[in-house]
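Analysis of the macromolecular model
Here is how the chains run, residue by residue.
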Amino acid sequence: MQARQCWSVLEGRAKQVVTKLQTEIIKTRTTLQTLKESQQRLTTLYEEYRVQGQDSAVPSLGMQDAMNRRQFMGQLQNLQQRVTQDIGHAENALIRLTQQMARAELDRRKMQTLDELEQLAHATLLRKREQRSMDEMGVMQFNRQSAT
């Protein structure tokens, strides 16, 4: 007689879910790091253009150049806002994934505990059967000796 395998199968499935969530968390963290680096580059680029526009040592190339510069700086600000929004979305996704991971890990531990309890119950049942068999053999042997 073998122990039921249902808990070990469910534990295996729970491990797969945990592994999948770990992979997604790593991917989201990488994306978040990339977004933060992009945000830093955009901030640096914007500051460089802002300083260049205020620098009186650089001669003005005319009204069109000033308009192009302002338009470019506006586009940089729009990109910064978009990256900031994306960072917020990535952080929310990371929080959600972390919560899912905690629940999945809890489920995995439950399945592991139930599997261990099933194995323990099976081992106890086998020991009881073996003890009963040994007791029966001892009684039969005692009865044979008493009969002679």
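Whatever comes next refers back to the structure up there.
Residues numbered from 1 in each chain as written. Predicted model: local features only at pLDDT ≥ 70, side-chain atom pairs only at ≥ 80, totals over all residues. Heavy atoms only, no water.

Let us now look at the packing of helix α1 (residues 6-54) against helix α2 (residues 63-147). Packed helices, taken two at a time, are described by the angle their axes make and the gap between the axes. The geometry of α1 relative to α2 is characterised by a closest axis approach of 7 Å and an angle of 165° between their N-to-C directions. It follows that α1 is roughly antiparallel to α2 by the angle criterion. Of the two possible hands of crossing, α1 and α2 adopt the one that is left-handed. Grouping the amino acids of the contact of α1 with α2 by side-chain chemistry returns 27 nonpolar, 13 polar and 14 charged. (Axes fitted to C-alpha atoms, helices over the stretch in contact; angles between N-to-C directions. Helix = DSSP H or I, 4+ residues; strand = E, 2+ residues; numbered from the N terminus. Parallel < 35°, antiparallel > 145°, perpendicular 65-115°, else oblique. Left-handed = near helix turned anticlockwise from the far one by under 90°. Nonpolar A, V, L, I, M, F, W, Y, C, P; charged D, E, K, R; others polar.)

This part covers the nonpolar core. Judged by nonpolar contacts, the single largest core of 16 residues is most densely connected at L21, I25, L32, I87 and M101. Elements with a contribution of two residues or more to this core: α1 and α2. When residues of this core are assigned to their parent elements, the largest contribution, nine residues, is made by α2. When near neighbours in sequence (up to four residues on either side) are disregarded, L21 contacts L97, Q100, M101 and A104. (Core = buried A, V, L, I, M, F, W, Y, C linked by side-chain atoms within 4.5 Å. Buried < 20%, exposed > 50% of the residue type's maximum accessible area, 1.4 Å probe, protein only. Contact = heavy atoms within 4.5 Å.)

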